[in-house]
Amino acid sequence: MDPQKLVILGVPVRTAGCACFDLSCPTGNCKICDKGILCFPGPVRDQCTIPLWNTYAFFVLYANIDQFDATKYELEYNKLSVMDKWLLSKMNTMVKTVDTNLGNYRIPEAARALQEFVDDMSNWYVRRSRERFWAKGMEQDKINAYMTLYTALVTVSKAAAPMIPFMTEEIYQNLVRS
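In this report, the structure presented in the accompanying data block is examined. (Residues numbered from 1 in each chain as written. Predicted model: local features only at pLDDT ≥ 70, side-chain atom pairs only at ≥ 80, totals over all residues. Heavy atoms only, no water.)

### A look at the overall build of the protein
Part 1 of the reasoning: Within the protein, the secondary structure is distributed over six helices and three strands.
Part 2 of the reasoning: Secondary structure of the protein in N-to-C order comes out as β-α-β-β-α-α-α-α-α.
Part 3 of the reasoning: Sequence-distant contacts, at least 24 apart, represent 66% of the contacts inside the protein between residues at least 6 apart.
Part 4 of the reasoning: A total of about 9,800 Å² of accessible surface is found on the protein, and carbon and sulfur atoms cover 53% of it. (Helix = DSSP H or I, 4+ residues; strand = E, 2+ residues; numbered from the N terminus. Contact = heavy atoms within 4.5 Å. Areas by Shrake-Rupley, 256 points an atom, 1.4 Å probe, with all protein chains shown as cover.)

Now the structure itself:
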């Protein structure tokens, strides 16, 4: 399923994406193009949805190659690298920030926290951990990298669900149920 495809064609749709991520969007309307694809404003697409989907795709690609099954492992915090601990710390901060802001109806602030976390996860963690995923075998460091990214993806899919529900549902269901 392509997370950006919708059944409705050519109808302006009020989405959380516009209101949350593109604060410069005066109308809050996203258009659906003639192919049925929801056309998010540039900042949503470029700074959040594409990096989140690419990070998820990276995880799925290498997890499938290595036949990694997250249910067979647990995060062992005492064995995590500094980079793993950093991402999990950022993730916990993001969850608290998003929860607090959504609870106080501060949607743009919640979305900004999600966007910053996705940026950290994709541009810092994944880029600096690629070689760990590419390593031969299933050493503890590679397992830690997989479990850290798995945990972050599942958590961000839950936290972002009120704002980008279709994409996050696809990510969550594929990670947790597969």
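The structure having been displayed, the exposition proceeds.
### Concerning the packing of aromatic side chains
Part 1 of the reasoning: According to the stated counting rule, one finds 10 aromatic pairs in the structure shown.
Part 2 of the reasoning: Seen from their ring centres, F59 and Y146 are 5.9 Å apart, and the 80 degrees between their planes marks the pair as edge-to-face. Highlighted residues: F59 in helix α2 (residues 42-65) and Y146 in helix α5 (residues 140-160), separated in sequence by 87 residues. The pair formed by F59 and Y146 is uniform in burial state, with each residue classed as buried.
Part 3 of the reasoning: Judged by centre distance (6.5 Å) and plane angle (55 degrees), the rings of Y62 and W134 are tilted. Of this pair, Y62 sits in helix α2 while W134 is found in helix α4 (residues 107-134), placing the two residues 72 residues apart along the sequence.
Part 4 of the reasoning: Take W134: its relative accessible area is 46%, and that puts it in the partly exposed class. (Phe/Tyr/Trp six-rings, centres within 6.5 Å; stacked < 30°, edge-to-face > 60°. Buried < 20%, exposed > 50% of the residue type's maximum accessible area, 1.4 Å probe, protein only.)

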